[in-house]
Amino acid sequence: MPARDNFHSVMRIGPVQIGTHRDHHGRTVHAAVCTADRCGWSADYSSQSAAQLAARTHRCRVR
């Protein structure tokens, strides 16, 4: 049974949500995910400021 992935410190910048979680190596990782329909963009970052910058500069290709 896989371990549950619990996100905390969730914030929203435009259509992008940023959440903090621990990866399978036990490191703290910040995930940025676009919630717009049919966009599908997501990325993991080692710092919250990098995830926030990515969220602010993300532009959805699907319009």
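You'll find the structure just up there.
Quick look at the structure, then. (Residues numbered from 1 in each chain as written. Predicted model: local features only at pLDDT ≥ 70, side-chain atom pairs only at ≥ 80, totals over all residues. Heavy atoms only, no water.)

A look at the pairing of strand β1 (residues 8-13)
Okay, step 1: Relative to strand β2 (residues 16-22), β1 runs antiparallel, the two being bridged by four bridges. Across the sheet, the residue bridging to Met11 is Ile18, located in β2.
Okay, step 2: Connecting β1 to the next strand, β2, in antiparallel fashion are two residues, including Gly14 with a positive phi near 60 degrees. (Pairing = 2+ DSSP bridges. Helix = DSSP H or I, 4+ residues; strand = E, 2+ residues; numbered from the N terminus.)

Structural notes on the pairing of β2
On any regular strand, side chains alternate: one points to one face of the sheet, the next to the other face.
Okay, step 1: Most of β2 is tucked away, with five of its seven residues classed as buried.
Okay, step 2: Linking two consecutive strands that pair antiparallel, namely β2 and strand β3 (residues 28-34), is a turn of five residues; a positive phi of about 85 degrees is found at Gly26 within it. (Buried < 20%, exposed > 50% of the residue type's maximum accessible area, 1.4 Å probe, protein only.)

Focus on unusual backbone geometry
Okay, step 1: Although it is not a glycine, Ser9 adopts a positive phi angle of roughly 55 degrees.
Okay, step 2: Within the secondary structure, Ser9 sits in strand β1.
Okay, step 3: Although it is not a glycine, Arg38 adopts a positive phi angle of roughly 65 degrees.

Structural notes on the pattern of salt bridges
Okay, step 1: Counting across every chain of the model gives one salt bridge.
Okay, step 2: The salt bridge partner of Asp23 is Arg27, with a shortest N-O separation of 3.1 Å. (Salt bridge = Lys/Arg side-chain N within 4 Å of Asp/Glu carboxyl O.)

Description of helix α1 (residues 48-57)
Okay, step 1: Every buried residue of α1 is listed here: Ala51, Gln52, Ala54 and Ala55. Each buried residue of α1 sits inside an arc of 160 degrees when the element is viewed along its axis, so together they form one side. Exposed residues pointing more than 90 degrees away from the buried face of α1 are listed as Ser49, Leu53, Arg56 and Thr57.
Okay, step 2: Among the structural elements, β1, β2, β3 and β4 (42-45) are those in contact with the buried residues of α1. (Arc of directions from axis to C-beta. Contact = heavy atoms within 4.5 Å.)

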